[in-house]
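What follows is the residue order along each chain.
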Amino acid sequence: MSISTPMRLLSREWVRLGAAPADKQQAIAEAAQLLIASGCVEPAYAASMARREAVANTFLGHGVAIPHGLGEDRHLVRRNGIAILQVPAGVDWNPGQRAHLVVAIAAQSDAHIAILRRLTRLIQDEATLARLATTDDADALVAALDDEPAATESHAAVGDLAEVLVWTVSYPAGLHARPAARWVEAARAHASRVQVRHGDEVADAKNLVALLQLGAQAGAPLHISAEGRDAAAALARFRAVIDSLTAQEKADAALAAQRAALPKAAGWTPPDAPVCINGIAASPGLAIGVVHRLAADEAPIADHPVALTEGGTRLHEALCATRQQLEALADDTARRLGAADAAIFKAHGELLNDTDLITLTCQLMVEGHGVAWSWNTAVERLAAKLSALGNAVLAGRAADLRDVGRRVLANIDPALVRDALGSLPEACILLAADLSPSDTATLDTARVIGLATAHGGPTSHTAILARTLGLPALVGAGAALLDVAEGTPAIVDGSSGRLYLDPSPAALDSARASIAEQAATRVREAEGRSQPAVTTDGHAIDIGANINLPEQAATALEQGAEGVGLMRTEFLFLERARTPSEDEQFDIYVAMADAIGGRPLIVRALDIGGDKQVAHLDLPHEENPFLGVRGARLLLRRADLLEPQLRALYRAAKAGAALKIMFPMITSVPEIVSLRAICERIRIELAAPFVPLGIMIEVPAAAIEADVLARHADFFSIGTNDLTQYTLAIDRQNPELAAEADSLHPAVLRLIRMTVDGAARHGRWVGVCGGLAGDPFGAALLAGLGVQELSMTPREIAGVKSRLRGSRFDALKALAERALACETAAEVRALDGAAS
């Protein structure tokens, strides 16, 4: 490898000491003048630097800001260089951010990456930063920021391992968090060491943050190498995984490009010229409301040292609790919003495994600092490194890291993190410096009708979630956004990226007319999903929704649900650090029944085990939890979990809730007989009414013995996800095999037919609450197989109802017979379109 001499980017003539700008704008202007005077940029570059600040926060951290121009204005850069404005007294950059060193950057390509890396290292040396902020020696600043380690020294530390391959990044968005998390999983599957090299930067492939810090963009050549006993196999497996992600990454990028183009084609135009704050369009739509400013959680984390053993225990417990919360959030997001959005939180969970983050936290604790302070400091340092890479996607990942860090802090000590979203006014447009993805995913959309943030970009996870939620949103509106007074009337236009303040009556009338027109369109679309799923020849299929909490019921009903076909009660346990009491569960079940207005409600008893583990339940470790003590097996062994839940459910029934109880993971007659006996005892004790008791059909044994089980159960609900994985012996979470875990496999369909036939012998009805029910073609097949009720994620209801209403039942039955005769899932899928 040839080593080139680093270009000199800074000299003492481009350093101004003892500056005292009045505000950030003046500081940027003065720093820009230094670049202009040095001959690095055209005079127009100063305006580009100001515009850049309006769309992105250039505060790097620890008193350092790095203003620079927009990428589209690189033609204004004559040559690469940097200039330094030293402000001993500091200048406010953003709320809570005060800059003492303003490092202005001019770069024609990626030449500024070197200085950003040096700044990243420097901000970890607070003593040196403090000295540089007040020094009267310009050469000291030049030495600190312009000196590069000797190339030979850098090269000596860089080398590939024994087995090597060169791979060019084929992901349009580069190596970002979601594919990087899959890389980590692939690397950890082998004992061999796997590393990834980008130029002179090397990352451990088992370390997510290290991979992200490579800053590998599309087209970048990466040297991937391995050493160890299974190095060749590890490298081959790793290559297969990273190649397998390319198609999805390209599809996601194409979809993102389509979405990004939509706001430019739409957008409301006010009839006059109201005061306007411009941002970046992030999620289309128009909304009228009042501004609610979300106060930044800037409270400092006090340093309260504790004994290392105690600190280590508290950190471990907080990490475990956070991991459980993220798993629950990912699962909930997948069911409500889709798998792509859920992947955001799966990648968040991987951040908790980052060795650099944990190591740095422990180092700080060893130095005598408190656990919360150490964790927060480690998160901020690593987030600052990601922000310093000068990449918008990776800057978004820094926000993700801070989001995860905040969750862990809350689990270390709930008093450290204020719940700013706990009480929101109705019909509010939420303004914030930034909003975390987890906060966005859990917003109460009945109260929040629009979003606007000072920072962030349209590719951020927050923007992605806002689009899924259907909330008009703009991002990158700059610091001026945070000066808007609380309660100000406003119109947010997420299509054009504008927030209009104090609109006139004419503007309000115009916006209302536009909103009404959009609403009329939605009503026309909703007419279909609000109608029952009745085939053209009069056969009806009941349609329910899979939801977790009462607040999700309104959305489900709006999407056309005729009731709740699956209430997953495990989320009452997963989303908190302790087991909910009987009274707490009773309140939630009654609230759910009230929220759906007396419509059918099927409540699944606690379904823990397998892919859903709860730390505070102290469950024993199992080598294969999918084949262990889960579902009904656990309930029958843990009366402390089963009986309070049953008492709460029967109390809710006594209070008027029209509910049914369903038990998960039933494999034998003795299990359902035992559970029925416990239910009957509790029902008698409480003088509660009769409640239908059903079971989940999730394993082949239950499907094969359906005719026997039907003597003891009032109804069946088939969980096609688990039934598929147990029938095909495929872990549906295994990324290599996931595509083969197809619920349309003829073996799965035959088990469903056996279940329907077995239930019919005793007059029992059969529903499906697994993923196949939400697929329009799958729903058509299920109806043809004799399934009478389908329950799915709310957003899937319209498509399923449309498919069923456009079909004849006799055609669906014929379709099912043809599917049962197929040899492969591919053959079954080829039948799509045959039902009419």
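Please refer to the structure placed before this passage.
Residues numbered from 1 in each chain as written. Predicted model: local features only at pLDDT ≥ 70, side-chain atom pairs only at ≥ 80, totals over all residues. Heavy atoms only, no water.

A word on the overall build of the chain. When you go through the chain residue by residue, the secondary structure sums to 32 helices and 26 strands. The proportion of buried residues among the 836 residues of the chain is 52%. The long-range fraction of contacts in the chain, counting pairs at least 24 apart against all pairs at least 6 apart in sequence, stands at 71%. Put simply, the chain shows about 33800 Å² of open surface, and 53% of that area lies on carbon and sulfur atoms. (Helix = DSSP H or I, 4+ residues; strand = E, 2+ residues; numbered from the N terminus. Buried < 20%, exposed > 50% of the residue type's maximum accessible area, 1.4 Å probe, protein only. Contact = heavy atoms within 4.5 Å. Areas by Shrake-Rupley, 256 points an atom, 1.4 Å probe, with all protein chains shown as cover.)

For an α-helix, 3.6 residues make a turn, and residues three or four places apart therefore share a direction. Listed as buried for helix α30 (residues 797-805) are Ile797, Val800, Lys801, Arg803 and Leu804. Buried residues of α30, seen end-on, are gathered within an arc of 160° and therefore sit on one face of the element. (Arc of directions from axis to C-beta.)

So, on to the sheet that holds strand β14 (residues 448-453). Taken in spatial order, the eight strands line up as β10-β17-β16-β12-β13-β14-β15-β11 in an open sheet, and their pairing is mixed. Strands at the two margins of the open sheet, each flanked by one partner only, are β10 (275-278) and β11 (280-283). Ignoring strand direction, the axes of neighbouring strands in this sheet form an average angle of 35°. Relative to β14, strand β13 (residues 428-432) runs parallel, the two being bridged by five bridges. (Pairing = 2+ DSSP bridges. Axes fitted to C-alpha atoms, helices over the stretch in contact; angles between N-to-C directions.)

Let us look at the pattern of salt bridges. Any two side chains of opposite charge can pair, on the condition that their charged atoms come close. Using the criterion set out here, one finds 29 salt bridges in the structure. Among the salt bridges present, the one from Arg447 reaches Asp444, with a minimum N-O distance of 3.9 Å. Overall, Arg447 belongs to the partly exposed group, its relative accessible area being 30%. In this structure, Asp640 and Arg638 form a salt bridge, with 2.9 Å as the shortest nitrogen-oxygen distance. Exposure remark for Asp640: the relative accessible area of 45% places this residue in the partly exposed category. It is possible to trace a salt-bridge network through shared partners that takes in Glu582, Asp583, Glu643, Arg647, Arg651, Arg681 and Glu685. (Salt bridge = Lys/Arg side-chain N within 4 Å of Asp/Glu carboxyl O.)

So, about the packing of helix α28 (residues 746-760) against helix α29 (residues 776-785). Between α28 and α29, the shortest axis-to-axis distance is 10 Å and the interhelical angle comes to 40°. The orientation of α28 with respect to α29, classified from their angle, is oblique. Of the two possible hands of crossing, α28 and α29 adopt the one that is right-handed. Taken together, the residues of α29 that come into contact with α28 (itself represented by Leu749, Ile752, Arg753 and Val756) are Leu781, Leu782, Gly784 and Leu785. (Parallel < 35°, antiparallel > 145°, perpendicular 65-115°, else oblique. Left-handed = near helix turned anticlockwise from the far one by under 90°.)

One pass over the full model with this rule turns up six aromatic pairs. Note on Tyr171 and Trp183: the rings are 6.3 Å apart at their centroids and 70° apart in plane angle, and the pair reads as edge-to-face. Of this pair, Tyr171 sits in the loop between β6 (163-168) and α7 (177-188) while Trp183 sits in helix α7; the two residues are twelve residues apart in sequence, bridging distant segments of the chain. Like Trp183, Tyr171 is buried. The interplanar angle of 5° and the centroid separation of 4.8 Å between the aromatic rings of Phe715 and Trp765 together place this pair among those described as stacked. In this pair, Phe715 sits in strand β24 (residues 715-718) while Trp765 sits in strand β25 (residues 765-768), placing the two residues 50 residues apart along the sequence. One aromatic cluster in this structure is built from Trp167, Tyr171, Trp183 and Phe238. The aromatic ring of Phe586 is capped on one face by Arg651, whose charged end is 4.4 Å from the ring centroid. (Phe/Tyr/Trp six-rings, centres within 6.5 Å; stacked < 30°, edge-to-face > 60°. Lys NZ or Arg CZ within 6 Å of the ring centre and 35° of its normal.)

A word on the sheet that holds β6. Read from one edge of the open sheet, four strands run β6-β9-β7-β8, paired in antiparallel fashion. A single partner strand is all that each edge strand has here, and the edge strands are β6 and β8 (201-204). Here the strands of the sheet are splayed against their neighbours by 25° on average, with no regard to which way each runs. Where strand β7 (residues 193-198) lies against β8, four bridges are found, and the strand directions are antiparallel. Opposite Gln195, over in β8, you have Asp204 as the bridge partner. Strands in contact with helix α9 (residues 231-244) are β6, β7 and β9 (221-227); relative to β6, the strand with the most contacts, it is inclined by about 10°.

Here the focus is the packing of α29 against helix α31 (residues 809-820). Packing of α29 against α31 leaves a shortest axis separation of 7 Å and a crossing angle of 95°. The pairing of α29 with α31 is recorded here as roughly perpendicular in orientation. On α31, the residues touching Phe777, Ala780, Leu781, Ala783, Gly784 and Leu785 of α29 are Phe809, Leu812, Lys813, Leu815, Ala816, Ala819 and Leu820. Looking at the contact of α29 with α31 residue by residue, the classes come out as eleven nonpolar, one polar and one charged. (Nonpolar A, V, L, I, M, F, W, Y, C, P; charged D, E, K, R; others polar.)

Moving on, we come to helix α1 (residues 24-37). Here α1 contains 14 residues, and its C-alpha end-to-end distance of 20 Å stays within 8% of the 20 Å for a straight helix at 1.5 Å per residue. For α1, every residue scored as buried is listed here: Lys24, Ala27, Ile28, Glu30, Ala31, Ala32, Leu34, Leu35 and Ile36. A distance of 3.3 Å separates the backbone nitrogen of Gln25 from a side-chain oxygen at the start of α1, and that oxygen is part of Asp23. Gly39 sits one or two positions beyond α1 and adopts a positive phi of about 85°. (Expected span 1.5 Å × (residues − 1). Polar contact = N/O pair within 3.5 Å; in protein donor to acceptor, adjacent residues only side chain to side chain.)

With that settled, consider the side chain of Ser495. Structurally, the position occupied by Ser495 is in the loop between β16 (489-493) and β17 (498-501). Side-chain polar atoms of Ser495 contact the backbone nitrogen of Gly285, separated by 3.2 Å.

This part covers the nonpolar core. Counting 98 residues, the largest nonpolar core has Phe663, Phe716, Leu749, Ile752 and Leu790 as its most contacted members. Dropping the residues within four chain positions of it, Phe663 is found in contact with Ala605, Leu635, Leu642, Leu646, Ile672, Leu675, Cys679, Leu693, Gly694, Ile695 and Met696. Counting 63 residues, the second largest nonpolar core, distinct from the first, contains Leu214, Leu222, Leu235 and Ile344. (Core = buried A, V, L, I, M, F, W, Y, C linked by side-chain atoms within 4.5 Å.)

With that settled, consider the pairing of strand β22 (residues 659-663). Within β22, four of the five residues are buried, which leaves the element mostly enclosed by the surrounding structure. Sheet topology places strand β21 (residues 601-604) next to β22; four bridges connect them, and they run parallel. Along β22, the bridge assignment pairs Arg604 with Met662. Two strands pair when backbone bridges link them, and β22 and strand β23 (residues 693-697) are joined in this way by three bridges, in the parallel orientation. Paired with Met662 across the two strands is Gly694, which belongs to β23.

In this structure, Ala427 is a non-glycine residue whose phi angle is positive, near 50°. Assessed through its relative accessible area of 34%, Ala427 is described here as partly exposed. Residue Ala729 is not a glycine yet carries a positive backbone phi of 55°. Relative to the helices and strands, Ala729 resides in the loop between α27 (720-728) and α28.

The subject of this paragraph is the environment of Lys206. The topology assignment puts Lys206 in the loop between β8 and α8 (208-213). Considered as a pair, Lys206 and Val184 are 22 residues apart in the sequence and their alpha carbons are 4.6 Å apart. When neighbours within four sequence positions are excluded, Lys206 is seen to be in contact with Val184, Ala187, Arg188, His190, Ala191 and Ser192. A polar atom in the side chain of Lys206 sits 3.0 Å from the backbone oxygen of His190. Of note is the side chain of Lys206, whose polar atom sits 3.1 Å from the backbone oxygen of Ser192.

Take the environment of Arg16 next. Here Arg16 shows up in strand β1 (residues 15-16). By relative accessible area, Arg16 is classed as partly exposed at 38%. In this structure the C-alpha to C-alpha distance between Arg16 and Asp136, which are 120 residues apart in sequence, comes to 9.8 Å. Once residues within four sequence positions are removed from consideration, Arg16 is found in contact with Glu30, Leu34, Ile84, Leu85 and Gln86.

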